[in-house]
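What the coordinates show
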Amino acid sequence: MPPSDRSGGSRFPATLATAGVDPGRLDERRPAGPRTQEPPGLPRVATGPGLDSERVRAQMVHRLRRDAGIADERVLAAMARVPRHRFVDPALVAQAYEDTSLPIGWGQTISKPSVVARMIELLLQGEAARAAGSLGRTLEIGTGCGYQAAVLAELATDVVSVERVAGLHEAARTNLSVDRPRGLRLVLGDGMRGHPPNAPYRSLVAAAAGADLPAAWLEQLADGGRLVAPVARADGRQALVVVDRHGDTWQRREEGGVVFVPLKSGISRDTGR
Ligand code: SAH
């Protein structure tokens, strides 16, 4: 039975109680539950704009709209809800809402917010996603720290996210243990094979660039589904490729230049950074 589309709603509270926190504490993994109120008795110290995560996130969304041309309100709202600072190293928290990629260990990076937003906006414009008003069943290749998976989960019925590096798979699990999104499954595996058990996918997105698109991704795309992935070209540059499946035809076009980490095959058991 196909999964029913979710009617909306977020796992992340609209307000983060950030008064009085320092950058270290911003990354603190708080237990699940409502966090809209500070416990009584805690001093409320002025924090400055850099440390009030809800406000800084609103500024990020403003820039996504103004500078990156992101127009889909659903994407902007999802980006406003997901606390990106929880997915980066405590030492980099001050940069969490800048439009920049940041190191997450194992030589990998968290994608730029504008790139995450652009890819998800493109996915929502796929034929089946447009008709249903949802990303539907979604496959992400390259979980990394889990940030994009959390944003996808805001707009999908269910998300499978595959990561090949064991340490990152575990890190994402930890990052997502607070406010764990419903319907999100993290898989340690070689994403070049897709993830056949849950196929077909209405939306498929990759965060790592290969020389071409693995056949498994094209096969596991649903009719009317859309794939968005970076592909490395012969000249060394990368292009963002959009593929729409209609029955047994796959329509492909390019959407400009991007920079992603390389798509690699096999699983790395490396758990140390
Ligand atoms: N989605 C992340 C981006 C992580 S960077 C975010 O939210 O910012 C891309 C990730 O793809 C890296 O963690 C890298 O290890 C992973 N990757 C590369 N090749 C892969 C493959 N074949 N299968 C699964 N993950 C892969």
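Quick caveat: nothing in here was measured; it's all calculated off a predicted structure.

Sheet topology places strand β9 (residues 238–246) next to strand β10 (residues 249–258); eight bridges connect them, and they run antiparallel. Across the sheet, residue V243 finds its bridge partner in β10, namely R252. Between β9 and β10, which pair antiparallel and follow one another directly, the connecting turn spans two residues, one of which, G247, has a positive phi of 55°.

With that out of the way, let us pick up the side chain of R84. Relative to the helices and strands, R84 is located in the loop between α3 (73–81) and β1 (102–105). One buried charged side chain, R84, makes no salt bridge at all; its nearest oppositely charged neighbour is D99, positioned 6.6 Å away. Apart from the residues within four sequence positions on either side, R84 is in contact with Q95, A96, Y97, E98, T100, L102, I110, S111, K112, P113 and Y147.

Of all six residues making up strand β4 (residues 158–163), six are buried, and the element is well covered by its neighbours. Because side chains alternate across β4, one face comprises the buried residues D158, V160 and V162, and the other comprises V159, S161 and E163, equally buried. Summarising the sheet, strand β3 (residues 137–141) and β4 pair through five bridges and their orientation is parallel. Within β4, the residue paired with E140 across the bridge is S161. A crossover connection joins β3 to the parallel β4 through helix α6 (residues 147–155); in handedness this β-α-β unit is right-handed. The pairing of β4 with strand β5 (residues 184–188) spans five bridges and is classified as parallel. From the neighbouring strand, E163 faces β5, where its bridge partner is L188. In this fold, the crossover linking β4 to β5 by way of helix α7 (residues 166–175) has right-handed handedness.

A separate point is the side chain of S134. By the secondary structure assignment, S134 is in the loop between α5 (127–132) and β3. Take S134: its relative accessible area is 4%, and that puts it in the buried class. Among the polar contacts made by the side chain of S134, one reaches the main-chain amide nitrogen of G136 at a distance of 2.8 Å.

Reading across from one edge, β5-β4-β3-β6-β8-β9-β10 is the order of the seven strands in this open sheet, with mixed pairing throughout. Strands at the two margins of the open sheet, each flanked by one partner only, are β5 and β10. Taken over all neighbouring pairs, the strand axes of this sheet differ in orientation by 15° on average, direction set aside. In the packing of α6 onto the sheet, the strands contacted are β3, β4, β5 and β6 (201–206), and the crossing angle to β3 comes to about 170°.

So, about the packing of aromatic side chains. Counted under the stated rule, the structure contains one aromatic pair. A centroid spacing of 5.8 Å and a plane angle of 70° characterise the contact between F87 and Y147, whose relative ring orientation is edge-to-face. Here Y147 lies in helix α6 and F87 lies in the loop between α3 and β1, a separation of 60 residues in the sequence. The ring of Y147 has R84 sitting right over it, with the charged end atom 5.5 Å from the ring centre.

Once that is clear, we can look at the packing of α3 against helix α4 (residues 113–124). At a minimum axis separation of 9 Å, α3 and α4 run at an interaxial angle of 140°. Between α3 and α4, the angle falls in the class oblique. α3 and α4 meet at a crossing whose hand is right-handed. From α3, R74, V75 and M79 reach across to α4, where they touch P113, V116, A117, I120, E121 and L124. Within the contact of α3 with α4, the residues separate by chemical class into seven nonpolar, no polar and two charged.

Turning to α6, a few remarks are in order. With nine of nine residues buried, α6 is to be regarded as a mostly interior element. Within the sequence span of α6, burial applies to Y147, Q148, A149, A150, V151, L152, A153, E154 and L155.

We now examine the pattern of salt bridges. Here the structure, examined in full by the defined rule, presents 14 salt bridges. A salt bridge links D72 to R74, with the shortest nitrogen-to-oxygen separation between them at 2.8 Å. Ionic pairing is found between R118 and E255, a salt bridge with its closest N-O pair at 2.9 Å. Separated by 137 residues along the polypeptide, R118 in helix α4 and E255 in strand β10 bring together distant segments of the chain.

Rules used in this analysis
- Sequence order sets the numbering: in each chain, residues are counted from 1 along the sequence as written.
- Note on the predicted model: pLDDT of at least 70 is required for a residue's local features to be given, and 80 or more for side-chain atom pairs to be given and counted; whole-chain, interface and lining totals, by contrast, use all residues.
- Calculation of side-chain values draws on the structure's entire complement of heavy atoms; hydrogens and water are dropped beforehand.
- Any two strands between which DSSP finds at least two bridges are classified as paired.
- Segments assigned H or I by DSSP are reported as helices when at least four residues long, segments assigned E as strands when at least two residues long, and all are numbered from the N terminus.
- Exposed residues in this analysis have more than 50% of their type's maximum accessible area, buried residues have under 20%, and partly exposed residues fall in between, with area computed by a 1.4 Å probe over protein chains only.
- In summary, the charge assignment counts Lys and Arg as positive and Asp and Glu as negative, without counting His or the chain termini.
- Salt bridge, as applied in this entry: a Lys or Arg side-chain nitrogen positioned within 4 Å of an Asp or Glu carboxyl oxygen.
- Any two residues whose heavy atoms approach within 4.5 Å at even a single point are treated as in contact.
- Crossover handedness is defined by viewing with both strands directed away from the observer: a clockwise path from the first strand over the helix to the second marks the crossover as right-handed.
- Distance and chemistry together define a polar contact, namely a pair of N or O atoms within 3.5 Å, with one atom able to donate a hydrogen and the other to accept it when in protein, and with adjacent residues in sequence counting only for side-chain atoms on both sides.
- Geometry is summarised by axes, namely lines fitted to C-alpha atoms with helices restricted to the contacting stretch, and by angles between N-to-C directions that run from 0 to 180 degrees.
- Working definition: a ring pair exists when centres of Phe, Tyr or Trp rings (six-membered ring for Trp) sit within 6.5 Å. Plane angles under 30 degrees give stacked, over 60 give edge-to-face, the rest tilted.
- Placement of a charge over a ring requires the Lys NZ or Arg CZ to be within 6 Å of the ring centre, with the centre-to-atom vector within 35 degrees of the ring normal.
- Each angle is binned into one of four classes, with values under 35 degrees roughly parallel, values over 145 roughly antiparallel, values of 65 to 115 roughly perpendicular, and all other values oblique.
- Here is the rule for handedness: rotate from the far helix to the near one, and if that takes an anticlockwise turn smaller than a right angle the crossing is left-handed, while a clockwise turn gives right-handed.
- For this classification, the nonpolar set comprises Ala, Val, Leu, Ile, Met, Phe, Trp, Tyr, Cys and Pro, the charged set comprises Asp, Glu, Lys and Arg, and every other residue, Gly included, is treated as polar.

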